Amino acid sequence: MTDGKLITGAELAASGSWHGSPQTQRRLRKRQAAEKRFRAYGLVAILMGVSFVALLFFDIVAKGWTAFMQTHIQLEVTYDPEVLGIADSGDTQALSRANYTGMVKAAMRKTFPNVSGRRAKRALYGTVSSGAGFVLRERMMANPDLLGSTEKLWLPADDDIDMLLKGHIRRDAPESDRRVSDQQIAWVEQLEQSGQIRKQFNTTFFTAGDSREPELAGIRGATTGSFYTLLVTLILSFPLAVAAAIYLEEFAPKNRWTDIIEVNINNLAAVPSIVFGLLGLAVFINFFGLPRSAPLVGGLVLTLMTLPTIIIASRAALKSVPPSIREAALGMGASKTQMITHHVLPLAMPGMLTGTIIGMAQALGETAPLLMIGMVAFIVDVPGGPLEPATVLPVQIFLWADSPERAFVERTSAAIMVLLGFLILMNALAVVLRRRFERRW
Amino acid sequence: MRKPLIAAALAGAVLSVPTVAQAARDYISIVGSSTVYPFATVVAEQFGKTTRFKTPKIESTGSGGGLKLFCQGVGIKHPDITNASRRIKKSEVDKCAKNGVTEILEVKIGYDGIVVANSKKGPQLKMTRKDLFLALAKEVPDPKGGEQLVENPYKRWKQVNASLPDVKIEVLGPPPTSGTRDAFVELALEGGCKKFGFIKAMKKSDKKGYKTVCHTIREDGAYVEAGENDNLIVQKLEANPNALGVFGFSFLDQNTDKVQGSVVDNVAPTFDNIADGLYPISRPLYFYVKKAHIGNVPGIKEFLAEFASEKAWGPDGYLTDKGLIPMPDAERKKFLADIKKLTNLKLASN
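Because the structure is predicted, anything quoted here is derived from the model rather than measured.

**Focus: the overall build of chain A**
Then, number 1: Along chain A, the regular secondary structure elements total 19 helices and four strands.
Then, number 2: Taking 2.2 N^0.38 as the reference for a compact globule, 441 residues should give roughly 22 Å; the C-alpha atoms of chain A span a radius of gyration of 33 Å, well beyond that estimate.
Then, number 3: Projected onto the principal axes, the alpha-carbon positions of chain A cover approximately 115 × 70 × 35 Å.
Then, number 4: Across the 441 residues in chain A, those meeting the buried criterion constitute 44%.
Then, number 5: A sequence separation of at least 24 residues applies to 75% of the contacts in chain A between residues at least 6 apart.
Then, number 6: A total of about 23,000 Å² of accessible surface is found on chain A, and carbon and sulfur atoms cover 62% of it.
Then, number 7: Each charge class in chain A can be summarised by its mean position, and for the 44 positive and 37 negative side chains these summaries are 11 Å apart.

**Points about the nonpolar core**
Then, number 1: With 136 residues, the main nonpolar core has L132, W157, F184, F247 and L319 of chain B as its most contacted residues.
Then, number 2: By residue number, the principal contributor to this core is helix α19 (residues 407–437) of chain A, which donates nine residues.
Then, number 3: For F184 of chain B, the contacting residues outside a window of four places in its chain are I114, V116, L132, L136, L189, V246 and I281 of chain B.
Then, number 4: In terms of nonpolar packing, the next biggest core, distinct from the first, is built from 40 residues, V77, L95, A107 and L146 of chain A among them.

**Regarding the interface of chain B and chain A**
Reports of interface size often rely on the accessible area that becomes lost once the parts have come together.
Then, number 1: Contacts between chain B and chain A engage 39 residues on the former and 38 residues on the latter.
Then, number 2: At the boundary of chain B with chain A, total buried surface from both sides reaches about 3,600 Å², with 47% on carbon and sulfur atoms.
Then, number 3: When the area that chain B buries against chain A is broken down by residue, the three leading residues are E45, K49 and Q254 of chain B, summing to 17%.
Then, number 4: Seen at the junction of chain B and chain A, the total is five salt bridges.
Then, number 5: D253 of chain B is the salt-bridge partner of R179 of chain A, the closest N and O atoms lying 3.7 Å from each other.
Then, number 6: Inspection of the chain B/chain A interface yields 19 residue pairs in polar contact (both at pLDDT 80 or more).
Then, number 7: Elements represented by at least two residues in the side of chain B that touches chain A include exactly α1 (2–22), α2 (37–50), β2 (57–59), α10 (230–239), α11 (249–254) and α15 (318–321) of chain B.
Then, number 8: A per-element tally of the side of chain B that touches chain A places α2 of chain B first, with seven residues.
Then, number 9: For the side of chain B that touches chain A, a count of residues per class yields 12 nonpolar, 12 polar and 15 charged.
Then, number 10: Pairing between strand β4 (residues 377–378) of chain A and β2 of chain B: two bridges, direction antiparallel.

**Remarks on the sheet that holds strand β3 (residues 197–201) of chain A**
Residue and element names in this part refer to chain A.
Then, number 1: Pairing in this open sheet of three strands is antiparallel, and the strands run β2-β1-β3 from one edge to the other. Of all the strands in the sheet, the pair left with one neighbour each is β2 (150–156) and β3. In this sheet, neighbouring strand axes are inclined to one another by 40° on average, regardless of whether the strands run parallel or antiparallel.
Then, number 2: Both strand β1 (residues 69–78) and β2 contribute to a ladder of seven bridges, which runs antiparallel. Counterpart to H72 in the pairing with β2 is P156.

**Structural notes on the domain arrangement of chain A**
Residues and elements named next belong to chain A.
Then, number 1: Here chain A is partitioned into domain 1 (69–202) and domain 2 (220–437).
Then, number 2: Placing the centre of domain 1 and that of domain 2 at their C-alpha centroids yields a distance of 45 Å.
Then, number 3: Across the domain 1 to domain 2 interface the summed buried area is about 450 Å²; carbon plus sulfur atoms make up 44%.
Then, number 4: Broken down residue by residue, the surface that domain 1 buries against domain 2 is led by D159, M163 and H168, which jointly contribute 66%.
Then, number 5: Here E410 ties to K166 by a salt bridge, and the two come within 2.8 Å at their closest N and O atoms.
Then, number 6: For the interface between domain 1 and domain 2, the tally reads two residue pairs in polar contact (both at pLDDT 80 or more).
Then, number 7: Looking at the side of domain 1 that touches domain 2 element by element, the count peaks at three residues for helix α8 (residues 159–165).
Then, number 8: Residues of the side of domain 1 that touches domain 2, tallied by class, amount to one nonpolar, three polar and three charged.

**A closer look at the packing of aromatic side chains**
Then, number 1: Scanning all chains against the criterion turns up 17 aromatic pairs over all chains.
Then, number 2: Plain terms: the ring middles of F205 of chain A and F206 of chain A are 5.3 Å apart, the flat faces sit at 90° to each other, and that makes the pair edge-to-face.
Then, number 3: Put simply, the rings of F68, F201, F205, F206, W400 and F408 of chain A touch in pairs and so form one group of aromatic residues.
Then, number 4: Taking NZ or CZ as reference, R198 of chain A lies 4.0 Å from the ring centre of W154 of chain A, over its face.
Then, number 5: Above the face of the F335 of chain B ring, K334 of chain B is positioned so that its terminal group lies 4.2 Å from the ring centre.

Rules used in this analysis
Residues numbered from 1 in each chain as written. Chains lettered and ligands numbered in written order. Predicted model: local features only at pLDDT ≥ 70, side-chain atom pairs only at ≥ 80, totals over all residues. Heavy atoms only, no water. Helix = DSSP H or I, 4+ residues; strand = E, 2+ residues; numbered from the N terminus. Rg over C-alpha atoms; globule rule 2.2 N^0.38 Å. Buried < 20%, exposed > 50% of the residue type's maximum accessible area, 1.4 Å probe, protein only. Contact = heavy atoms within 4.5 Å. Areas by Shrake-Rupley, 256 points an atom, 1.4 Å probe, with all protein chains shown as cover. Lys, Arg positive; Asp, Glu negative; His and termini not counted. Charge placed at Lys NZ, Arg CZ, Asp CG, Glu CD. Core = buried A, V, L, I, M, F, W, Y, C linked by side-chain atoms within 4.5 Å. Buried area = accessible area lost by both parts, 1.4 Å probe. Salt bridge = Lys/Arg side-chain N within 4 Å of Asp/Glu carboxyl O. Polar contact = N/O pair within 3.5 Å; in protein donor to acceptor, adjacent residues only side chain to side chain. Nonpolar A, V, L, I, M, F, W, Y, C, P; charged D, E, K, R; others polar. Pairing = 2+ DSSP bridges. Axes fitted to C-alpha atoms, helices over the stretch in contact; angles between N-to-C directions. Domains from an automatic or database assignment. Phe/Tyr/Trp six-rings, centres within 6.5 Å; stacked < 30°, edge-to-face > 60°. Lys NZ or Arg CZ within 6 Å of the ring centre and 35° of its normal.

If you want it as C-alpha cells, here you go:
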C-alpha cells in the first residue's frame, strides 16, 4: 500500500488474505467473542432482574391469594328478644347496645347441643369470629323487624379456624403445637360434613378499616387515607412544580443564582424521605399546629418530597419543545405568556403529566416520612376527610407485617398485591400518556 | 377568570386550617410502646364498636418516644394516653411537670414474658440467667478464674455450660430502641450478672461500672440485631435451627408449631408460669393517662372502664387471647380502684 498500488483480490488470496493471516484471525475471534460476552452480560443482567421480580411476585401472590377468601360458618340465628335484652324494637339505643354476641353463642349451642363445661363452651364460641355479633347488629339496626325471627346466616369464622381450613395450620400436628384444639377440629369436621362451613369471597377485606382480628381487618381505611394524601399532594405539587419549571426554563436568566437553584433542586430529589418527615413534624405540626396523623400533613410532606421529581420532569418536557415553536409564536405577535400558555405548555404537558404520575407513584409507596407525623397508627374508622386521622396503604402493610396473628401473613401479602396493582396502573398510565400524546421533533 | 378563583379557594383552604385544628378532638389519641400496642388496639377496637365514641387512634412509637410526646404538654394536640413496657422514670415525671402535665394516672395492665426461643427442629434448651449473661454480655468474668473481666471469649453454648449443646452462640434479638431489649437486658442479663459476687459488690462501690458490665450486650456478631419485627425473628429461627431468638410471649403463643421457648432457671415460659410470677424474665406493662384531658376529650373514662373490665384484662378476658398475662386478683382490684378514684401517680423514692 505504501507505493500507492491497490492490492487486487488475486494478490490478497495469494498472500493468504488479511483475514487469513493467523494473527488477524486470532484477533478477530477475540473481538467477536468479546462482543458476544458483552451482549451476554446485558442479557444476564436483564434475566436476573426479571427473575427477581418474578420471584417477588410469585412469593407475594402465593402467600396472599388465599386472603381473598374467608371461611364462613352457617348458623341458624334467632333474634330472641330475651337473649338480646330488647323489649321494644323501636328503641334504637337498646338495639345498638343489645347482646348480639349472646345470640351467636346461643346459635352455636344449638348447632352443638352436647357441648358442656365452661372451657369447652369457650372453645366452641372461639370458632366463630368475635366480629360475628357486629354482623348481626348491622342487620338488626337496618331492619328492626327482624326481632323475634330466625334466619340462616353465613358468619365469619375465627382466624385460627380460617388458617386451619386453608392448610396454614396442619391438622396432623400434635395438639400442643397448634392453636386449634382436637375438639375444635372435630367440630369443624362435623360442620364440613353437614356443609355448614365454606370459603367465600372476602368482601370484608375491601370494605372494612383496620382491625386486630384478621378476619375483620380490611384495607378500605388505608386506601381512603392514601387517596386523601395523594389528592393533597397532587393539588399542591403539580401547580407549584409546573410554575417553577416554567419560570426556570422560560424566564429565569442564566446566572449563578439559577445554577445554585438547579443544583439544589437536584439535591432535594436525593434527600432521604425521612428528612422530609422530620421537617413536616417541626414545621406543620409543631409550628403551625396542624393535627397529627392527618392526610393533610401527610400530603404536605409528600409534596415536598415529590416537588423536585416533578420539577425536573417538567423542565425536561419544556426543553424538548423546539425553539422554532417559540420563535414562530413570538414572530406572529404573541406575548410571552401567550406563547407559553397557548403553544409550549400544551406540547410539554404529556411529559409533565408523566413526571407527575411517576412522582405520585413514588409518594404512594412512601412510609418513612409518615412515621414522624403520626400516620403509622392503628386507625379503625375509615377517614371522612383530609383532617381526620388516617393511615396509608404501605403503612398498613408495615403494621400487619408486625402483627403476631398468623392470618395477618396472607393479609399482608394481599395488601401488597393491591398496592402493586395501583402502582402498575399508575405507571402504565404514564407509559400510555407518553405513547399517545408525546410528540417527537 | 377561573384561575383567580382557584387561587382564592386554595388560599381560603390554607387559612381555614388552623381554626379547624384548634377545634375539639372527638377521639382519644394514644401513643407509646410497641409491646403494649397489640393489647391497646384490641381494647380500642372493642371500645369503638360497642360505644357511641370513636375508636381511639393508637400510634406505636416505643415507650420512650411515647412518654416524650405525652410529656410535651396539656392540650388537644398532645396525646391523652401513653403506653409503656416499663415504668415511667423520675426524669420523665419531672419533664412532664415542667410542661404542665402534673396529674398523671398510672395503670398497670398485666405482664409480658420475654422468651428465648429456638426452632422446633432443635432440642428445647435449659439454661440459667447466668448462662445467658455469659453468652451475651460484652465483658464476662475471666473463665480461668479470678475477679477480672475479659472480653467475652465464649463462642459455643457448650463452653458456657457443659449441659448445653455444642452449637455456635447465635441470638437474634431486638435493637436498643426497643423496650423488649431494655427489659431483656435488665431482667435476664442483670439477673445473671448478679450471680457473680464481685460484680454484685460493684453495685455499691461503682454503680456506673456495674451497669456497664451487666447491661452491655456483646457486639462481635453473636447477638444479631434483628429489627423490631418479631415475626421476622420467628421466620429466621425456622430457617436456622441453631439460632435462638428473643421476643415477647405473644409471638411464642401464636407460633407454638414453629418455635419453642427455652426453660430459664428451671421454669418453662408458659402462660401459667408467667402469670404466677415464676418465670424470671417477665415485666409489667403500663399505660399513663393525662388527667387534665379527662372530660375534655370524650370517652377517656369509658375507655378506662373498658380496659379495666374483667372481660378485657381478667384471667379469661379477650386480652389473654392475645397473649397478655393477667395480674393477680388483688392487683387488678387495686388498679381498678385507682382508675375509679383517679389516683395521682406517686413514684416511690427510688
